[in-house]
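Structural description and commentary
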Amino acid sequence: MLIVNDIQDAITMKTKLASVLRRSKTFGKDTDALELELEIIVGDLMDNIDRIEASMIKESFAGWGS
């Protein structure tokens, strides 16, 4: 199961994955091309995770200096 943060995340992932699937059928992409596209999507997700985690850490330490 793919867990997303909100409805916008779910819509974005559905659109990205549907696009990869559509192009693979339309252009007859091989598994190497599909793997590359999926790696890019996973990389984007990892960047988002890092950004959200950094924001959460920043927020949790924001009140410590007061």
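Residues numbered from 1 in each chain as written. Predicted model: local features only at pLDDT ≥ 70, side-chain atom pairs only at ≥ 80, totals over all residues. Heavy atoms only, no water.

**Concerning the overall build of the chain**
- When you go through the chain residue by residue, the secondary structure sums to two helices and zero strands.
- The burial tally for the chain puts 9% of its 66 residues in the buried class. (Helix = DSSP H or I, 4+ residues; strand = E, 2+ residues; numbered from the N terminus. Buried < 20%, exposed > 50% of the residue type's maximum accessible area, 1.4 Å probe, protein only.)

**Section: the pattern of salt bridges**
- Under the defined criterion, the tally for this structure stands at three salt bridges.
- Linking Lys29 and Glu37 is a salt bridge whose minimum nitrogen-to-oxygen distance equals 2.3 Å.
- The exposure class of Lys29 is partly exposed, given its relative accessible area of 29%.
- One continuous salt-bridge network, built from bridges that share partners, spans Arg23, Lys29 and Glu37. (Salt bridge = Lys/Arg side-chain N within 4 Å of Asp/Glu carboxyl O.)

**Describing helix α1 (residues 7-27)**
- Look at α1: 30 Å from first C-alpha to last across 21 residues, which is about the 30 Å you get at 1.5 Å a residue.
- Within the sequence span of α1, burial applies to Met13, Ser19, Val20 and Ser24. Each buried residue of α1 lies within a common arc of 130° when the element is viewed along its axis, so the set occupies one face. Projecting away from the buried face of α1 at angles above 90 degrees are the exposed residues Ile7, Lys14, Lys25 and Thr26.
- In the segment just after α1, Gly28 is the residue with positive phi, at about 60°. (Expected span 1.5 Å × (residues − 1). Arc of directions from axis to C-beta.)

**Points about a nonpolar patch on the surface**
- A cluster of nonpolar residues, Ile57, Phe61 and Trp64, forms a patch on the protein surface that exposes about 400 Å² of accessible area.
- Mapped onto the elements of the fold, Ile57 is located in helix α2 (residues 31-62).
- Look at Ile57 and you get partly exposed, because its relative accessible area is 49%. (Patch = residues over 30% accessible without salt bridge, like charges linked within 9 Å, V, L, I, M, F, W, Y side chains within 5 Å. Areas by Shrake-Rupley, 256 points an atom, 1.4 Å probe, with all protein chains shown as cover.)

**Comments concerning the packing of α1 against α2**
- Relative orientation of the contacting elements α1 and α2 amounts to 170°, with a least axis distance of 10 Å. The orientation of α1 with respect to α2, classified from their angle, is roughly antiparallel. In this structure, α1 uses Met13, Lys16, Leu17, Val20, Arg23 and Ser24 to contact α2, whose residues at the interface are Leu34, Glu37, Leu38, Ile41, Asp44 and Leu45. (Axes fitted to C-alpha atoms, helices over the stretch in contact; angles between N-to-C directions. Parallel < 35°, antiparallel > 145°, perpendicular 65-115°, else oblique. Contact = heavy atoms within 4.5 Å.)

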